[in-house]
Amino acid sequence: QVQLVESGGGLVQPGGSLRLSCAASGSIFGIYGMDWYRQAPGKQRELVASITSGSSTNYADSVKGRFTISRDNAKNTVYLQMNSLKPEDTAVYYCKYTLGPTQRFKAYWGQGTQVTVSS
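In this convention, every chain numbers its residues from 1, walking through the sequence in written order. Given that the model is predicted, a residue must reach a pLDDT of at least 70 before its local features are reported, and side-chain atom pairs must reach 80 or more before they are shown or counted; all residues, however, enter totals for whole chains, interfaces and linings. By convention in this description, side-chain values take in all heavy atoms of the structure and omit both hydrogens and water.

(A) Region of interest: the overall build of the protein chain. Only DSSP runs of H or I with at least four residues qualify as helices, and only runs of E with at least two residues qualify as strands; both kinds are numbered from the N terminus onward. Assigned secondary structure in the protein chain consists of 0 helices and 11 strands. Counted from the first residue to the last, the protein chain has its helices and strands arranged as β-β-β-β-β-β-β-β-β-β-β. Projecting the C-alpha coordinates of the protein chain onto the three principal axes gives extents of approximately 45 × 25 × 25 Å. In the protein chain, 54% of the contacts between residues at least 6 apart in sequence involve partners at least 24 apart. Where accessible areas are quoted, they stem from the Shrake-Rupley method and a 1.4 Å probe; at the residue level, only the protein chains shown are allowed to cover. Carbon together with sulfur atoms contributes 47% to the accessible area of the protein chain, which is approximately 6,400 Å² in total. Note that His is not counted, nor are the chain ends; the positive residues are Lys and Arg, and the negative ones are Asp and Glu. Charge coordinates come from a single atom per side chain, which is NZ of Lys, CZ of Arg, CG of Asp or CD of Glu. Between the centroid of the 12 positive side chains of the protein chain and the centroid of its 7 negative side chains there is a distance of 5 Å. Only heavy atoms matter for contacts: two residues are in contact if any of them lie within 4.5 Å across the pair.

(B) Summary view of the environment of Gln81. Within the secondary structure, Gln81 is located in strand 8 (residues 77–82). As a C-alpha pair, Gln81 and Ser70 span 11 residues in sequence and 8.2 Å in three-dimensional space. Aside from chain neighbours lying at most four places away, what touches Gln81 is Ser17, Leu18, Arg19, Arg66, Phe67 and Thr68. For Gln81, the side chain forms a polar contact with the side chain of Asn83, separated by 2.9 Å. In the analysis that follows, any N or O atom pair within 3.5 Å is treated as a polar contact, provided that within protein one partner can donate a hydrogen and the other can accept it, and provided that, for residues neighboring in sequence, both atoms belong to side chains.

(C) Spotlight on the nonpolar core. For this analysis, a nonpolar core means a set of buried residues of the types Ala, Val, Leu, Ile, Met, Phe, Trp, Tyr and Cys, connected via side-chain atoms within 4.5 Å. Exposure classes here rest on a 1.4 Å probe applied to the protein chains alone. A residue is buried below 20% of its type maximum, exposed above 50%, and partly exposed in between. Ranked by size, the top nonpolar core spans 32 residues in total, and within it Trp36, Val78, Leu80, Met82, Tyr93 and Tyr97 carry the most contacts. Counting residues per element, this core draws most heavily on strand 9 (residues 91–99), at 5 residues.

(D) Just the sheet that holds strand 1 (residues 3–7), in detail. The strand order across the open sheet built from 4 strands is 1-3-8-7, with neighbouring strands paired in antiparallel fashion. One side of each edge strand has no neighbouring strand; the edge strands of this open sheet are strand 1 and strand 7 (67–72). Neighbour-to-neighbour, the strand axes of the sheet open up by a mean angle of 15°, direction not taken into account. By definition, two strands form a pair when at least two bridges between them are found by DSSP. In the sheet, strand 1 pairs with strand 3 (residues 18–25) via 5 bridges, with the strands oriented antiparallel. Among the inter-strand pairings, Ser7 is bridged to a residue of strand 3, identified as Ser21. Note on definitions: angles span 0 to 180 degrees between N-to-C directions of axes, and those axes are lines fitted to C-alpha atoms, for helices only across the stretch in contact.

(E) Structural context of the pattern of salt bridges. Salt bridge, as used here: a side-chain nitrogen of Lys or Arg that lies within 4 Å of a carboxyl oxygen of Asp or Glu. Applying the stated criterion across every chain, the model contains 4 salt bridges. For Lys64, the salt bridge identified is with Asp61, shortest N-O distance 3.1 Å.

Shown next, in the form of structure tokens:
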């Protein structure tokens, strides 16, 4: 059974940095898309950053220039480097893996990791 496990969250002061990681356990192959989402209290879950199997990336406007998504295909791991953090970045961050068309675009979600930006 495939599970995604996030790590790297925590409490950081405004202007600080964190690096989130998401690793897959179990047998998984043919990962097409890897994404990071976040959900703040009282708000809907939103897409923060995404990266395809070809390493094309996309970012929410609110994080462009501050966050960087990357992936290690050999380790089935995706990372989110977050710099210049702001209080409004406070949220639970989730990773999502989407498989390719031969696997009917099956999606897996992590359990979430809390990021709190506060002085």
